[in-house]
Amino acid sequence: MSIPGNLLTTAMAVMPHTDVERALRAALSLDVPFWPQLPHYSYYEDMYVQASEHFPGMVLNMRERTLRFSFDKFIEEIEGTMAHFEEPEYFDISETYSSVYHRFLSLDLADRAAIRGQMEGPVSFGFNVNDQDGRPIIFNDTVRSFIIDFMARRVNAQLAKLKKRNPHAFMFIDEPGLQFVFSGISGYGDIAAKRDLETFFSLIERPRGIHLCGNPDWDFLLNLDLDVLSLDTYSNGEIFTAYGRSIRRYLDRGGIIIWGGIPTNIEPFEKESVESLEKLLENLWAQLTRRGIDLAYLLTRSMLSPATCCLVNPDREATVEKAFSMTKKLSERLRGKYHIE
């Protein structure tokens, strides 16, 4: 397993920065750095736009900052896209769609415990992009099956590129849309999502996992074939730890949990301290030890991160950077307390 655990630190990629070098410095301040996604810097750096590159049928309007889908355009373009299906470079992110990604790849990252990339997942992409009738493309069976294959190739292309910079690279599949699967009104339920995600993960290389900030059915996620699960435990930890049996099975299969325990929004961040956040995490871990999970074992299979991405703070990057710093301080404090090297 390439993912290090041992309470090392990483973070979600979406950041409010408009200064690329400042964003990279923040990302590199953590144990497991990543390439930032900076939608305030450029609409091309939006996670959905980046995922859409070369996808047939996309209608991208940079001036209005909109991304839509045309089925007629999809039919016109799909043959040309299929002609490139055996070309991994075609599925990687171009410099147009992320100059930040290419700046990250230019760095010497070989000495890091690991590095991380990310790509929007098929469920969230399908929910977020609407067709010419305003309907999410996830409800088009033909398009949905193509999304799964296409996004898997995108993930594999990026992971291969990252592994050239560091052999312990791994990928987040960002799936904020998964929480809607369990809303009861989505029209795309858990059976379909399980089928599609099992197919998707069977097509992508390891190590790979899911990041989301919402509150889905945790049994559903913990029973997917994941290597890492990243979640907002600051808001959802009490619910998550109630799934002790599934968490134990997930850990025993080799899974890593990234505990998103440090808020990035101004108001909750200002209410907390290293001590209060330490207590919050230890209370969650205590619930799992009461369910039979050995604490030392759990910590070897855990990392720390901020709780969520945050683009809405009036101070832009200031509180987000403070949260990154707090994540490092909390990691150092806990690693010292539990004698983790």
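In this text, all values refer to a predicted model and were calculated from it rather than measured experimentally. (Residues numbered from 1 in each chain as written. Predicted model: local features only at pLDDT ≥ 70, side-chain atom pairs only at ≥ 80, totals over all residues. Heavy atoms only, no water.)

Draft legend 1. Here's a closer look at the overall build of the chain. Helix and strand counts for the chain come out as 16 helices and nine strands. Against the globule reference of 20 Å for 341 residues, the chain gives a C-alpha radius of gyration of 19 Å, in line with a compact fold. Counting only C-alpha atoms, the chain reaches 60 × 40 × 40 Å along its principal axes. Nonlocal contacts in the chain, meaning residues at least 24 apart in sequence, comprise 71% of its contacts between residues at least 6 apart. Working note: accessible area of the chain is about 14,000 Å², and carbon and sulfur atoms make up 49% of it. In the chain, the 37 positive side-chain charges and the 48 negative ones have mean positions that sit 5 Å from each other. (Helix = DSSP H or I, 4+ residues; strand = E, 2+ residues; numbered from the N terminus. Rg over C-alpha atoms; globule rule 2.2 N^0.38 Å. Contact = heavy atoms within 4.5 Å. Areas by Shrake-Rupley, 256 points an atom, 1.4 Å probe, with all protein chains shown as cover. Lys, Arg positive; Asp, Glu negative; His and termini not counted. Charge placed at Lys NZ, Arg CZ, Asp CG, Glu CD.)

Draft legend 2. Region of interest: the pairing of strand β4 (residues 116-120). Burial runs high along β4: five of the five residues are buried. Burial along β4 is two-sided: R116, Q118 and E120 facing one way and G117 and M119 facing the other are all buried. (Buried < 20%, exposed > 50% of the residue type's maximum accessible area, 1.4 Å probe, protein only.)

Draft legend 3. Representation of the pattern of salt bridges. One pass over the structure, following the stated rule, counts 24 salt bridges. For the salt bridge of E77 with K73, the shortest nitrogen-to-oxygen distance reads 2.8 Å. Here the residue E77 and the residue K73 both occupy positions in helix α3 (residues 71-82), the gap between them amounting to four residues, near one helical turn. The salt bridge involving D227 is made with R206; its shortest N-O contact spans 2.5 Å. A residue pair is termed long-range when its members are at least 10 positions apart, and D227 in the loop between α10 (218-222) and β7 (228-231) and R206 in the loop between α9 (190-203) and β6 (208-212) qualify at 21 residues. Since its relative accessible area comes to 37%, R206 is described here as partly exposed. When salt bridges that share partners are traced, they join E275, E278, E282, R333 and K337 into one network. (Salt bridge = Lys/Arg side-chain N within 4 Å of Asp/Glu carboxyl O.)

Draft legend 4. Just the environment of H84, in detail. By the secondary structure assignment, H84 is in the loop between α3 and α4 (88-91). Under the relative-accessibility criterion, H84 is labelled partly exposed at 27%. Along the sequence, H84 and Y234 sit 150 residues apart, while their C-alpha atoms lie 43 Å from each other. When neighbours within four sequence positions are excluded, H84 is seen to be in contact with Y90 and F91.

Draft legend 5. Just the packing of helix α1 (residues 20-28) against helix α16 (residues 317-337), in detail. Here α1 crosses α16 at 20°, and the two axes come no closer than 10 Å. One way to sum up the angle between α1 and α16 is to call them roughly parallel. Where α1 crosses over α16, the handedness of that crossing is left-handed. Counted together, R22, A26 and A27 of α1 and E317, E321 and F324 of α16 form the full contact between these two elements. Looking at the contact of α1 with α16 residue by residue, the classes come out as three nonpolar, no polar and three charged. (Axes fitted to C-alpha atoms, helices over the stretch in contact; angles between N-to-C directions. Parallel < 35°, antiparallel > 145°, perpendicular 65-115°, else oblique. Left-handed = near helix turned anticlockwise from the far one by under 90°. Nonpolar A, V, L, I, M, F, W, Y, C, P; charged D, E, K, R; others polar.)

Draft legend 6. How the structure looks around the nonpolar core. Membership of the largest hydrophobic core comes to 102 residues, with the highest contact counts inside it found for F55, F125, F200, I210, L229 and W259. If one sorts the elements of this core by residue count, helix α7 (residues 141-165) sits on top with eleven residues. (Core = buried A, V, L, I, M, F, W, Y, C linked by side-chain atoms within 4.5 Å.)

Draft legend 7. How the structure looks around the sheet that holds β7. The parallel open sheet is built from seven strands, whose spatial order is β1-β9-β8-β7-β6-β5-β4. The strands lining the two open edges of the sheet, one partner per strand, are β1 (8-9) and β4. Sheet analysis places β7 next to strand β8 (residues 256-262), joined by four bridges and oriented parallel. For V228, the partnering residue across the bridge sits in β8 and is I256. (Pairing = 2+ DSSP bridges.)

Draft legend 8. Geometry of helix α12 (residues 244-252). Among the residues making up α12, those that are buried are G244, S246, I247, Y250 and L251. For α12, the angular spread of the buried residues around the axis is 160°, confining them to a single face. Contacts made by the buried residues of α12 are with α10, β7, α11 (233-240), β8, α14 (274-290) and α15 (295-300). Phi turns positive, to about 105°, at G254, one or two residues after α12. (Arc of directions from axis to C-beta.)

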